[in-house]
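These are the residues of each chain, in order.
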Amino acid sequence: MASDFGLNAPAELESALRLKTVQYFVTKRPWLDLYGINVRPVAPVGSASRKPYVDSALIHRILPDELLFEVFARMTPYNLGRASCVCRKWRYTIRNPVFWRNACLKAWQLSGLVENYKLLQSKYEGSWRKMWLSRPRVRTDGLYVSRNTYIRVGVAEWKVTNPVHLVCYYRYMRFFPSGRFLYKNSSQKIKDVVKYMNFRLSKAESVFSGHYTLTDDKVETAVLYPGMRPTVLRIRLRLRGTTAGANNRMDLLSLVTSGVNSDEVNGPDEDILGVVEGWEDDETHNPDVPAVSHRRGLQPFVFVPFEEVETTVLNLPVEKMDYYVAG
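A brief structural summary. (Residues numbered from 1 in each chain as written. Predicted model: local features only at pLDDT ≥ 70, side-chain atom pairs only at ≥ 80, totals over all residues. Heavy atoms only, no water.)

1. Observations regarding the overall build of the protein chain
At step 1: Along the protein chain, the regular secondary structure elements total 10 helices and nine strands.
At step 2: Of the contacts formed within the protein chain by residues at least 6 apart in sequence, a portion of 57% connects residues at least 24 apart.
At step 3: Working note: accessible area of the protein chain is about 20700 Å², and carbon and sulfur atoms make up 55% of it. (Helix = DSSP H or I, 4+ residues; strand = E, 2+ residues; numbered from the N terminus. Contact = heavy atoms within 4.5 Å. Areas by Shrake-Rupley, 256 points an atom, 1.4 Å probe, with all protein chains shown as cover.)

Below, the structure is given as structure tokens:
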């Protein structure tokens, strides 16, 4: 028995190895069956194709194209960009110029309808989507925030060394399509300030309103500080973006405060930008309030959408983030 087992063992082992080798070569690989098969794209809404097609997605079989079109029409352009990544049909549907035309006309309503159509044909080849991605604009779906820090030397009694304090404060700007904006200078975090950045609560929380103009990528703004000696704050900014169409950064080019006569303005809601238009940086109309061109606190503005005000890193205290680089 021992000799028979010794003779049969190598033959059984050889057959087992041969079987495993054969199984390796004949293993079924389903993905190989997809080679050479062209998947025809799903026809978008309004397509002129007459060929019948069956959409296998359950949401497309239940949700009619008309309702899908209405859903997309009520979405913001940035949400449209996210939705276009879901599937091929949504991408083709969102390419419809109707969505981008409405967004462009609302974003640049100060330019006027005729001027927008002229720029569409001369610079953007008749594509509303290309205009939206390439033309600079101020965003109205959030706040622009500038985080500034500086070191202040303190005084401590009965000690040889004096403490050093790291002071942090913010500049907040919220723009509106009508040409107005709100401005606030505060040490409060963005999650605490965002609820006051509206015209209804602005006067009670030291939020000042002003007017702005947009020329190419340059933004001119002016804010009036009322009081016994009215002071106007003029801010010049340059728009840019970290990606195409983002417009999520604004470089602060100049920050000038100067005096204005009381008879030149009728109230805080007046278009103060039209009053100071053409003024020099060192010009003032009130000798008690000299013109000052500020050189500190000129950190770039970073755009924070409303849905991210609670989670943005700009809410971190100085103990966790002493300095912030906008990028």
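2. A word on helix H6 (residues 97-107)
At step 1: Of the residues making up H6, those classed as buried are Phe99, Trp100, Ala103 and Cys104. Projection of H6 onto a plane perpendicular to its axis shows the buried side chains occupying an angular sector of 120°, all on one side.
At step 2: Where H6 is buried, its residues meet helix H3 (65-73), helix H4 (77-83), helix H5 (88-94) and helix H8 (128-134). (Buried < 20%, exposed > 50% of the residue type's maximum accessible area, 1.4 Å probe, protein only. Arc of directions from axis to C-beta.)

3. A few points about the packing of aromatic side chains
At step 1: Per the stated rule, a full pass over the model turns up 13 aromatic pairs.
At step 2: Centroid distance Tyr117 to Trp128: 5.2 Å. Interplanar angle 90°. Geometry classified as edge-to-face. Taken as a pair, Tyr117 in helix H7 (residues 113-123) and Trp128 in helix H8 lie far apart in primary sequence, 11 residues in all.
At step 3: Looking at Tyr117, the relative accessible area reads 36%, which means it is partly exposed.
At step 4: Look at Trp128 and you get buried, because its relative accessible area is 7%.
At step 5: Taken together through their ring pairs, the aromatic side chains of Tyr144, Phe175, Phe181, Tyr212 and Phe303 make up a single cluster.
At step 6: A cation over an aromatic ring shows up here: Arg137 above the ring of Trp132, its NZ or CZ 3.6 Å from the ring centre. (Phe/Tyr/Trp six-rings, centres within 6.5 Å; stacked < 30°, edge-to-face > 60°. Lys NZ or Arg CZ within 6 Å of the ring centre and 35° of its normal.)

4. A short note on the nonpolar core
At step 1: Residues Leu143, Val145, Tyr172, Ile190, Met197, Val304 and Tyr324 are the most contacted members of the largest nonpolar core, which totals 20 residues.
At step 2: Listed by contribution, the elements that provide at least two residues to this core are strand E1 (142-153), strand E2 (164-175), helix H9 (190-193) and strand E9 (301-305).
At step 3: It is E2 that provides the largest number of residues to this core, a total of three residues.
At step 4: Core analysis: the second largest hydrophobic core is formed by 18 residues, Val138, Tyr183, Leu237 and Met250 among them. (Core = buried A, V, L, I, M, F, W, Y, C linked by side-chain atoms within 4.5 Å.)

5. What about a nonpolar patch on the surface?
At step 1: A contiguous nonpolar patch, built from Ile151, Val153, Val164 and Leu166 and spanning about 390 Å² of accessible area, is present on the exposed surface.
At step 2: Counting residues per element, the ones that place at least two in the nonpolar patch are E1 and E2.
At step 3: A relative accessible area of 61% places Ile151 in the exposed class. (Patch = residues over 30% accessible without salt bridge, like charges linked within 9 Å, V, L, I, M, F, W, Y side chains within 5 Å. Salt bridge = Lys/Arg side-chain N within 4 Å of Asp/Glu carboxyl O.)

6. Remarks on unusual backbone geometry
At step 1: Residue Glu125 is not a glycine yet carries a positive backbone phi of 55°.
At step 2: Counting through the fold element by element, Glu125 comes out in the loop between H7 and H8.
At step 3: Despite not being glycine, Asn247 has its phi angle at roughly 50°, a positive value.
At step 4: Mapped onto the elements, Asn247 comes out in the loop between strand E6 (231-240) and strand E7 (249-259).
At step 5: Owing to a relative accessible area of 7%, Asn247 belongs among the buried residues under this scheme.

7. A closer look at a positive patch on the surface
At step 1: Where like charges cluster on the molecular surface, the positive patch consists of Arg88, Arg91, Arg95 and Arg129.
At step 2: Considering the arrangement of structural elements, one finds Arg95 in the loop between H5 and H6. (Lys, Arg positive; Asp, Glu negative; His and termini not counted. Charge placed at Lys NZ, Arg CZ, Asp CG, Glu CD.)

8. Thoughts on the pairing of E1
At step 1: Where E1 and E9 come together, four bridges link them in antiparallel fashion. When the bridges of E9 are listed, Tyr144 appears paired with Phe303.
At step 2: Pairing of E1 with E2 involves 10 bridges; the strand directions are antiparallel. Across the sheet, Tyr144 pairs through a bridge with Met173, a residue of E2. (Pairing = 2+ DSSP bridges.)

Interpretation in functional terms is not warranted from these geometric data alone.
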